[in-house]
Amino acid sequence: MMARILITSAIPYINGIKHLGNLVGSQLPADLYARYMRARGAEVLFLCATDEHGTPAELAAAKAGKPVDQYCAEMWAVQAELAQGFRLSFDHFGRSSSPQNHRLTQHFAGRLADAGLIREVSEKQVYSNADGRFLPDRYIEGTCPNCGYDKARGDQCENCTKQLDPTDLINPRSAISGSTDLEVRETKHLYLRQSAMRDDLSAWIDSKSDWPVLTTSIAKKWLNDGDGLQDRGITRDLDWGIPVKKGDQDWPGMEGKVFYVWFDAPIEYIACAAEWVDAGKGADWERWWRTDKGAEDVRYVQFMGKDNVPFHTLSFPATILGSGEPWKLVDYIKSFNYLNYDGGQFSTSQGRGVFMDQALSILPADYWRWWLLSHAPETSDSEFTWEAFQQDVNKDLADVLGNFVSRITKFCRAKFGEVVPDGGDYGPQEIALVADLQARLTRYQAHMEAIEIRKAAAELRAIWVVGNEYLQSAGPWTIYKDDPDRAAAITRLALNLIPFYAGLSAPFIPDAAASMAGAMGVDVAWPESAETALSALPPGHAFRVPEVMFAKIDDDTRAEWARRFAGVRS
RNA sequence: GGGCCUGUAGCUCAAUGGUUAGAGCAGAGCGCUCAUAACGCUUUGGUUGGGGGUUCAAGUCCCUCCGGGCCUACCA
């Protein structure tokens, strides 16, 4: 029976173009896994979307001088185009502001309320008259009562790290406008009673012994810290968002309020599947999401950066479990640490690092995909430097893989023409080669299935190296002088490595894989086995010598990029 | 303050408690001449952050100290 895999990437926030750290922390590895699973014949639904609600989205729109809905629509289009540029193979790229998500979010809230898992809390929050809005704690600045730092935020002082309440600040002001015209107002909000589900969530997390430590340790910390899992506010006093409703009914006392972005964002994973159907791309989204409607055999895998783990291990499962309905729960969470940039952090707010649009403006997607995935921050934070990037892509892509394709196709053209040569037999060397490649193929598949990305990349690279080793030891250019038939056999086998490599490399570098296969006149396909794959191109099969697949990055260019991207983006 | 992760060759990273701690890159030497001056082979390089402990056996487990990072619930 065909495996069915549901894959979601953490949904990128709407307020700007994402940097390479964001990309490698969720969307790119999710795409790698989706491409691999499709290649292996699984039925895959791979979903992503933009996360469009919350205070930063409203502020970004205001800064751009646009209505927030228009701003979000425009930024969605920008992000969708960049996703395509990086060859992210989403089956659908949705929006958390979609009507489908409005309905589902309100539906879940209604179910949770019926189950007694929502409580109303009246609380005091800081309101800025000048800004005309309530201010989240960290949007209030003032002088730290502990250390005297004058840019302390309402949640914490960055200077002395002390945790604060906004009311602790001396001379508080709005971080948005600088206005000191603040007042404390009474406001009513809904809280999700996560505390009531603590034991269920804890048991569920404990059952996930195969999850990355990073994932489970963060979840357990939240479950067990202090008084245990706390209830979480799920509404806000904002204009932009999903109106608070109980299913399709009004919610008395909650008029004019919206659900908190992190309540509705993960529900978009589900709504996105409905969008996928409504966009005419699929027929039945519930068979992916409802275990009573066909999803019982679905394996659901989520990808995210470590900052997103609490929401995916606790809040979202609490929403799903609390609904009392048979929604699909996540089976595996792959979480990532951060990619740093030249000794510091990538930062969207500070404009530090390389952003997706900039990256594509200087190099094709495959360069970035290969480098980022082969250095994915799986066990700890990892570091991007221009020197390492240049060295690694030149060596791996241009010298090892690209040059292999170049040397054998050009050799064949010179001696036999642009067709797979006939004649000669395979001998012990070829038998050993096939055995070696088969062992490596098996290991590579195991790493990909386990989502061990760096190990998979290392094995793939080793598979590329095998081609060069074989050519060096077989030496068809020497043998050709005395025994052209034997040289033909060697050349035939080496040419067969190209479609083999194309199939295996496609999840990492899809464009290069397509051009390799195209040059050889075949489709990209996952090999059944090393043995069958290495006799796929019959004698007489025409091919063409491909263009240089990966131009090398020279030192001057690298230095220029390092300078250009050293500062902050305006 | 608390919790978690992390520290291994110049760099990036591997090593179910079990031979002499391994790869890639960078460096050195040799070879090859088909190829994008590419490729192959050989090789240099380690008190596994420091100290203590458990064990027949510790990079791995425990304690402690030092360094780096993340999270800490109203950014998302």
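Residues numbered from 1 in each chain as written. Chains lettered and ligands numbered in written order. Predicted model: local features only at pLDDT ≥ 70, side-chain atom pairs only at ≥ 80, totals over all residues. Heavy atoms only, no water.

Undergrad: Go over the protein's contact with RNA strand B with me, naming the residues and quoting the values.
TA: Residues in close proximity to RNA strand B total 56 residues, the closest being R138, Q345, N403, K410 and R454. The contact atoms of RNA strand B, taken as those within 4 Å of the protein, divide so that sugar and phosphate hold 71%. At 2.8 Å, a side-chain N or O of K395 approaches a phosphate oxygen of RNA strand B. In the model, a sugar or linking oxygen of RNA strand B is placed 3.4 Å from a nitrogen or oxygen of the S406 side chain. Broken down by secondary-structure element, the contributors of at least two residues to the surface near RNA strand B are α2 (55–64), β4 (118–128), α6 (213–224), α7 (261–278), α12 (386–416), α14 (453–474) and α15 (476–482). A per-element tally of the surface near RNA strand B places α12 first, with 10 residues. Residues of the surface near RNA strand B, tallied by class, amount to 18 nonpolar, 18 polar and 20 charged. (Near = heavy atom within 4 Å. Polar contact = N/O pair within 3.5 Å; in protein donor to acceptor, adjacent residues only side chain to side chain. Helix = DSSP H or I, 4+ residues; strand = E, 2+ residues; numbered from the N terminus. Nonpolar A, V, L, I, M, F, W, Y, C, P; charged D, E, K, R; others polar.)

Undergrad: Explain the environment of P145 residue by residue, including any values.
TA: Within the element layout of this structure, P145 appears in the loop between β6 (140–143) and β7 (152–153). A residue is classified by how much of its surface remains accessible, and P145, at 41% relative accessible area, is partly exposed. Residues P145 and F86, spaced 59 residues apart in sequence, show a C-alpha to C-alpha distance of 47 Å. Among all residues touching P145, those that are not within four sequence positions of it are L164, D168 and I170. (Buried < 20%, exposed > 50% of the residue type's maximum accessible area, 1.4 Å probe, protein only. Contact = heavy atoms within 4.5 Å.)

Undergrad: Now, about the environment of S195: what can you tell me, with residues and values included?
TA: Looking at where S195 falls in the secondary structure, it is placed in the loop between β9 (182–192) and α5 (198–206). Measuring from C-alpha to C-alpha, the distance between S195 and P364 comes to 48 Å, with 169 residues separating the pair along the chain. Excluding residues that lie within four positions of it along the chain, S195 makes contacts with L229 and D231. In this structure the side chain of S195 is engaged in a polar contact, spanning 2.7 Å, whose partner is the side chain of D231.

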